[in-house]
Structures are given as structure tokens and as C-alpha cells.
Amino acid sequence: MQRILSAATVAAIGLTCKAYLHSGLCSISVRGLPYLLEALDSPERQNGQGVVTVSNHLSTNSPLFLRLDDPLVWGILPARTYLRSHLTRWTLGASDIIFTNPVFSAFFRQGQVIETFRGAGIYQPAVDVAIEKLRAGAWIHVFGEGKVCQSNTYKADPMTGIARLERFKWGIGRMLMETPRPPTIIPMWITGFDKLMPEGRHAPWKYLPRAGARLSVTFGAPLPHASVHAALRLGPEVDATSVRAAGLQAHCHGRHGHRGEEEVQQQRRHWQGCEAEVRIALTELVQRAVEALGRQVSGDLLTGLPRT
């Protein structure tokens, strides 16, 4: 029953978003979608290779149901994807914003949103759940900044004139470093979604999407696996996931005695010593890819409309 309710919720939302995008009330351009569809249809997902999409979080500080970047952005997907759970995204959502009452909580859980607690750090249950889903080959979507932003808040370096997004959350790095098989990582860039529900309007208009908004969604090529492995900086003899498992030491001690225990402790110390460095390197790798895509689409200030 749970799976049926979830599938029905995802399908209803997806089809509603698709209908709006084709209603003529807005225009949308989509580029690079085959990158995502190829990753979602890859047979490697059955072998535990997940998919991670990471984008800028372009929206407004409007009330909950007036923020339309997610799920509206997924209205670009083929309708067939809404009926198959492994072809629809899981994402993380802030507890204090969308899980505010039993009705909202049930709705968003059925819509494949993982409750996340701000300030709880990268070792909270939400990140654990995301990692487990990636290990099973699921698709996780992440907004890198971890909060709503507008294009006019992007800060440019006064020396270079090149804008950067706010630092991406390091939970992204943890997700990537604790999956046995690094997932396929696809950068995304969205524009125009902060114009759909502009702030400062009066009722009833503030509850309605502004007609004529120009939206775009661009997918970049997946990050090269070689770059991801280089960022990991862990030799093949050190498996971060295994070292982190509480039962590994006892397992090795039982099979190899004291020497096995020492080896585990050595691996554990090595992993702990480089954990933060690896996590930061992976997160920065993803952020650079998203920003590079953003500059291709919107220019060095990350604020322009898609280039034709």
C-alpha cells in the first residue's frame, strides 16, 4: 500500500507539472536531458551504481507550496518516468519548512522527500538514508547550496568579475565517498524559477504563478569517473565504507587475530585523518562542475538568460 500511495503521489505531481509547462503560461527550454535519461536507464544501476543530480537552488522565499523549482523542474521528464519509482528522484527537504504538520509530512514522504534537519550536520539520519538509497542504485537530487537563492544574490569576485555560488554543503561529499560504487554525477543549471512566484505581490496574485516566465533547465555531461576517484584519494586497500562499519574490527580480529585488529585500526586512523579532506574535495569538484555549467548557460555573473 505504501508503494502504491507513493507511486500515485509522484505520478500525480509529475503529470500536473508537465501540464503546467505545456499550458502556455510559461516557456521552457531544456538542454542535455539525454544525459539524465541515459543514466537513469543504465543497467549499472541494478549493480548498485546510483545517480546524483546537483543544481543551483533558484526560487523565492514564498510560502511552502509557492516554491516551484522542485517539483516543477521534473515536469520536463517523459511521462513514463512518473510511473516507475526507480526513474523518479529522491531529494532532501528541510524539516522546519515542509515537514511542519502530519498532513504535509505524509504528503512529502510519499513524494520521495527525505526529512532533513538543518544544523544537525552531515552525519544525521537523512544523509544516512540518502547513502543507503544510492547504494541500491537510486536517484538522489540535491540543491547544492542547501537553501533557496535568487540570481541577484550571487556574489562576483571583484578582481575576476566571475560569480560563485555559496559553498555547497559537505553532505554531498559524504554521500559520494560512502557509496561502494561512485554514482553517476550530473550537474544541472536552472534559470527563471525565481520569476515564477515573485515576492511582494498582493493577494490573490501572490498565490498564482506569474504568466510569461522564461524557464530553462540544462543538464551537463556526467562528471568523469576518473575525476571522482582522484578526489577520493583513498588507495584500493582502504575502503572508507568498510572501515566505518562498526562490525569490521571484530570480523577481522576473529579471522586474523591481533594483526588483523592492528590493520583495521591503521586503516581507521588513515581514513579519519583524510575524511574531511576527501569530503571537501568531492564537494568542491561537484560545485565547480555546476558553476562551470552555469557560466556556459548564464555567463560569468550566473544571472543571464540562457545563451542561444
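Residues numbered from 1 in each chain as written. Predicted model: local features only at pLDDT ≥ 70, side-chain atom pairs only at ≥ 80, totals over all residues. Heavy atoms only, no water.

(A) Region of the structure containing the packing of aromatic side chains. Enumeration over the complete set of coordinates arrives at four aromatic pairs. Centre to centre, the rings of F99 and F108 are 6.3 Å apart; their planes meet at 55 degrees, and the pair counts as tilted. The two residues F99 and F108 agree in class, both being buried. Judged by centre distance (5.2 Å) and plane angle (80 degrees), the ring pair of F107 and F108 falls under edge-to-face. You can call F107 partly exposed: its relative accessible area is 33%. With relative accessibility at 13%, the residue F108 sits in the buried group. (Phe/Tyr/Trp six-rings, centres within 6.5 Å; stacked < 30°, edge-to-face > 60°. Buried < 20%, exposed > 50% of the residue type's maximum accessible area, 1.4 Å probe, protein only.)

(B) Region of the structure containing the confidence of the model for the protein. Looking at the protein as a whole, its pLDDT mean stands at 85, while 82% of the residues score no less than 70. Of all the helices and strands in the protein, helix 9 (residues 240-244) carries the lowest mean pLDDT, 48, while helix 2 (residues 33-40) carries the highest, 98. When the criterion is pLDDT under 50, residues 235-256 qualifies, and its contacts beyond four places in sequence or with other chains add up to 29 contacts. (pLDDT = per-residue confidence, 0-100. Helix = DSSP H or I, 4+ residues; strand = E, 2+ residues; numbered from the N terminus. Contact = heavy atoms within 4.5 Å.)

(C) Highlighting the side chain of S55. Mapped onto the secondary structure, S55 falls in strand 2 (residues 51-55). Residues in contact with S55, not counting those within four places in the same chain, are H141, V142, F143, G144, E145, M188 and V290.

(D) Structural detail: the side chain of H141. Considering the arrangement of structural elements, one finds H141 in strand 5 (residues 139-143). Residues within four places of H141 in sequence aside, it is in contact with T53, V54, S55, D70, W74, R89, W90, T91, L92 and M188.

(E) Here's a closer look at the sheet that holds strand 4 (residues 113-116). As summarised here, the arrangement of the seven strands in space is 1-9-8-2-5-3-4, forming an open sheet in which the pairing is mixed. The strands lining the two open edges of the sheet, one partner per strand, are strand 1 (26-31) and strand 4. Neighbour to neighbour, the strand axes of the sheet diverge by 25 degrees on average, direction disregarded. Relative to strand 8 (residues 184-191), strand 2 is paired through four bridges, and the arrangement is parallel. Looking at strand 8, one finds that T53 is bridged to I186. Running over the sheet, helix 6 (residues 125-135) touches strand 2, strand 3 (90-94), strand 4 and strand 5 and is turned about 150 degrees from strand 4. (Pairing = 2+ DSSP bridges. Axes fitted to C-alpha atoms, helices over the stretch in contact; angles between N-to-C directions.)

(F) Spatial organisation of the pattern of salt bridges. This structure, assessed with the given rule, holds 10 salt bridges. In this structure, E275 and R279 form a salt bridge, with 3.5 Å as the shortest nitrogen-oxygen distance. In this pair, E275 and R279 both sit in helix 10 (residues 248-298), four residues apart, roughly one turn of the helix. By the burial criterion, E275 is buried, and R279 matches it. Sharing partners across several salt bridges, the network here consists of D128, R174 and E178. (Salt bridge = Lys/Arg side-chain N within 4 Å of Asp/Glu carboxyl O.)

(G) Structural view of the pairing of strand 5. Of all the five residues making up strand 5, five are buried; the element is thus mostly covered by neighbouring parts of the structure. Of the two faces of strand 5, the one lined by W139, H141 and F143 and the one lined by I140 and V142 are each fully buried. Sheet topology places strand 2 next to strand 5; five bridges connect them, and they run parallel. Opposite S55, over in strand 5, you have F143 as the bridge partner. Where strand 3 and strand 5 come together, two bridges link them in parallel fashion. Paired with W90 across the bridge in strand 5 is I140.

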